[in-house]
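As a plain string of letters, each chain reads:
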Amino acid sequence: MSVALVVFTLAALLIAVSLAEPIAARVRLPASVLLALFGLAIGAIGLALRSGAFGPAGEDAARYTELPLDSEGFLFVFLPLLLFQSAMNTDLRQVIDDASSIFILAIVAVVASTLVVGFALAPFAAAPLVACLLLGAIVATTDPIAVIGIFREAGAPARLVRLVEGESLLNDAAAITLFAVCLELLVSGAPFDPAKTAIDALVLPLGGVLVGVVAGRGAAALIGALREDSLAPTSVSLALPYIAFVVAESGLHVSGVMAVVAAGMTLAAVGPAKAPPDVWKHLRAVWEQIDWWAASLIFVLASILAPRLLAEATARDLALLALLIAATFAARAAIVWGLMPALAKLDMAPPISRPFRWVVLWGGLRGATTLVLALAVTENDAIPADIRNFIAVLATGYVLFTLLVQGTTVRALVRATGIDRLSPVDQALRRDVFAAARARVAQAVAETAATYRMTASPPAAAETAEQAALPATIDPRERVMIALVTLARAERELVMERVRERGVSLKLVDRLLADVRRLSDRARVSGPAGYRAAYQEALAFSRTENAAQWVARRLGWNGWLARALANRFETLLLDSMAIRKLGGFVEETIRPVLGPDAGDAAADALGERAEAVSRALDALRLQYPGYAEALERRLLENAALEFEEREYDRMREEGLIGPELHRDLLVDLGRRRSKADVRPALDLGLDAATLVARLPLFEGLSPEAKRRLLAKVEPMLARPGQRLIRRGDRGDAAYFIASGAVEVALPGDRVRLGRGDVFGEIALLEDRERTADVDAIAYCSLLRLPRRAFQAFLADDKAAAAAIAAKAAERLRANEAGIAET
């Protein structure tokens, strides 16, 4: 087949599949079913033309009905694209919530189906048991294209789509692993090795996951480096599934399917933090188009193969097909109606309702993957011809049954079970949303009429009878939960807005998004208490910060600690800004839709969080008073550059400036942006000489005396919450704050001291009890001057002793006047 003919055939198929969805909507069939019928028709025509009944002209025309694409071509060209896009659309956190159910459907069900099919067919088929098991592995692969497309068209709820989507993504890996094991046994004739099979079943998928995670993170890092251009990151994402699949499958001989799935989920989790939102939006839009092309083409091309694979079918094969269908349903029913409910009763898996179970049982559709694996068997000359024909006919017949019978009836089943209807909470919420939207629309229409001086009355959106029949109330706890989850979602959008405006360091985006996810997850489970626990966990010093402080204290290296504290400073500053903006969101969106009680609860939760963030931020401001200002200046500078770029783009679109001037302006802006992207460095502390000189007690000392005094000073580090001075203890040292902040608990009052301040200095002169508790409220770098060392210094330097005595008398008179000693 010439290159020109291949290109023409692909172009013609693209035009044909472009018409599939509108035609499918008109005839009320799933688009994937219509594509399969279209492919079957082309394959049947090609088979007839190749039969010789139409002469040489027919054989020439038959070339247009097939492409020179074997099973390996299908697997390496189309499968990575389809799996990767499906994985990109999968929310990893939600998959984790249903991980046990998905694991059962994707792994346990595949093994069970393979065994049941194999042992059910073996007594009746003219094929050995291992060939029947090979067929069982082939038909165990649910097709992500067929399943996800049909379920979404049917209006299935999100959780059901997530279950079947997770199953279809992961069971390919299990089924292909079993397929490889059975194929090797069939071809080689070697005895079954349970130990080797068990090791392969663990090593191959886990190895694939490892390859995918590494590849996904590497691609995300590269996308972050290329973030200025939307085309380059998209190209990296397109290369990722192929690299992961080929390296895993051909290079390391582990599961290429799991490598692609892991790479897609990893990039979806990490990628948005690496690229600006507009770049990520462009990448996802391109992938939607690629996925649509690939899904449509592989369905048609795989269906074209079906008539050829069925060419030698017999009446006996029809009976075996019926037995195959019964066996697969029996195996799936045992899992869906037996194992999963039993595990749910033991609290080992989330419960799945009876309507969900019916749809999951009926919705295990097969498609292109099964046909491609069957094609691979027919291409293997080491397998006897009768076994190849046996597998090809039954696998193809089973695919056609699932598509033409199950695929055309699953929509009716979804409606019959009622799972496409809104939940009671959503039904009640729908009424509130409609009322709030109607009020805003009425206001907007009235303003439009006034602006254009229209005298006609604005249209009123009347409530339908169906809407009036909806439940009017929601459990107040449900409303509060929804409000807090909505707050977390709004905060995520604010984070991404900061990313777009370059107002946040890229290294912090993952941390900020993780904090927001934690807020949403905890609020969904425990309401306000969960929301509070989530932000308190985010405010606590992390293991990384504690480790950096330990390194600085034990090894004297402050670089890691400086970066950790700079990250904490920036995170708290961004949290504070987000909380202020979310206050308006509560009043404008949450309160009108969810009611005053939910609005009050959300406002209270935000207020408590604002106080906690403010306390943590104030502690850092005491440590580094100029650093907060530097971060705010950087944030404003980046926002100004973003606005400036938008203005240049607007002027270019409106024709005010030409392309040359526009390009020159952007080059200059890029240079300024590169400088603004660099976060200011954090100086951890003051030097000892400066600190000692700041204490009024030492103002009268000569430079030489100050140098001798510095030799008596001991550096120390304190962690947050560490008590430095306890009320009632004997005073034994003075403390100079090089960096950090402490809180002094006086009787009836609390005072905070920060960088450059001194506390406990009266202990240098008088042996008396401490009158206050002093606690570190941040990581502190301190200089400690022991009383004994200071007294020895005074004994050696009479002039210094006299100067200090004069200052001390002044200090004591101040204390007696009412200023409490710390």
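All values derive from a computational prediction rather than experimental measurement. (Residues numbered from 1 in each chain as written. Predicted model: local features only at pLDDT ≥ 70, side-chain atom pairs only at ≥ 80, totals over all residues. Heavy atoms only, no water.)

**Student:** Would you take a moment to explain empty space enclosed by the protein for this structure?
**Tutor:** Rolled over the atoms, a probe with the dimensions of a water molecule shows which regions are left empty. Applying the stated rule across the entire model yields eight cavities of 30 Å³ or more. As a volume, the second largest cavity reaches approximately 120 Å³. Around the second largest cavity, the lining residues are E491, L494, V495, E497, R498, L512, L574, D575, M577, A578 and K581. Listing elements by their share of the lining of the second largest cavity, those giving two or more residues are helix 21 (476-500) and helix 24 (559-594). (1 Å grid on protein atoms, 1.4 Å probe; cavity = no way out; pocket = protein on both sides within 12 Å on 5 of 7 lines; lining within 4 Å. Points joined across faces, edges and corners; volume = space filled by probe spheres on them. Helix = DSSP H or I, 4+ residues; strand = E, 2+ residues; numbered from the N terminus.)

**Student:** Quick question: what am I supposed to make of the pairing of strand 3 (residues 733-739) here?
**Tutor:** Walk down a regular strand and you will see the side chains alternate between the two sheet faces. Within strand 3, seven of the seven residues are buried, which leaves it mostly tucked inside the rest of the structure. Bridging between strand 3 and strand 8 (residues 780-786) involves six bridges; their strand directions are antiparallel. In the sheet register, I737 faces strand 8, and the bridge partner there is L782. (Buried < 20%, exposed > 50% of the residue type's maximum accessible area, 1.4 Å probe, protein only. Pairing = 2+ DSSP bridges.)

**Student:** Before we go on, may I ask you to explain the sheet that holds strand 1 (residues 714-718) in this structure?
**Tutor:** Strands belonging to one sheet form pairs held by backbone hydrogen bonds; the direction of such a pair is parallel or antiparallel. With antiparallel pairing, four strands are arranged side by side in an open sheet as 1-8-3-6. Every other strand in the sheet has two partners, leaving strand 1 and strand 6 (758-759) as the edge strands with one partner each. Where helix 30 (residues 787-796) meets the sheet, it contacts strand 3 and strand 8, and its direction lies at approximately 50 degrees from that of strand 8. (Contact = heavy atoms within 4.5 Å. Axes fitted to C-alpha atoms, helices over the stretch in contact; angles between N-to-C directions.)

**Student:** How do you make sense of the pattern of salt bridges when you look at a structure like this?
**Tutor:** Side chains that differ in sign of charge can pair as their charged atoms come close. According to the stated counting rule, one finds 24 salt bridges in the structure shown. The shortest N-O distance in the salt bridge between R518 and E537 comes to 3.4 Å. Given the relative accessible area of 40%, E537 is considered partly exposed. Salt-bridge contacts for D732 lead to R784; the nearest nitrogen and oxygen are separated by 3.2 Å. Of this pair, D732 sits in the loop between strand 2 (723-725) and strand 3 while R784 sits in strand 8, and the two are 52 residues apart along the sequence. (Salt bridge = Lys/Arg side-chain N within 4 Å of Asp/Glu carboxyl O.)

**Student:** Help me out: how do you make sense of the pairing of strand 7 (residues 773-776) in this one?
**Tutor:** Residues D773 and D775 of strand 7 are buried on one face, and the alternating residues V774 and A776, pointing to the opposite face, are buried as well. When strand 4 (residues 742-746) meets strand 7, the two strands line up antiparallel, connected through four bridges. Opposite V744, over in strand 7, you have V774 as the bridge partner.

**Student:** Looking at this model, I keep getting lost on the packing of helix 21 against helix 22 (residues 506-539). Mind explaining?
**Tutor:** For any two helices packed against each other, the geometry is given by the interaxial angle and the distance between the axes. As a packed pair, helix 21 and helix 22 sit with axes 9 Å apart at the nearest point and diverge in direction by 175 degrees. On the basis of the axis angle, helix 21 is roughly antiparallel to helix 22. Seen from helix 21, the contacting residues are V480, M481, L484, V485, L487, A488, R489, E491, R492, V495, M496 and V499; seen from helix 22, they are L506, V509, L512, L513, V516, L519, S520, A523, R524, G527, P528 and Y531. (Parallel < 35°, antiparallel > 145°, perpendicular 65-115°, else oblique.)

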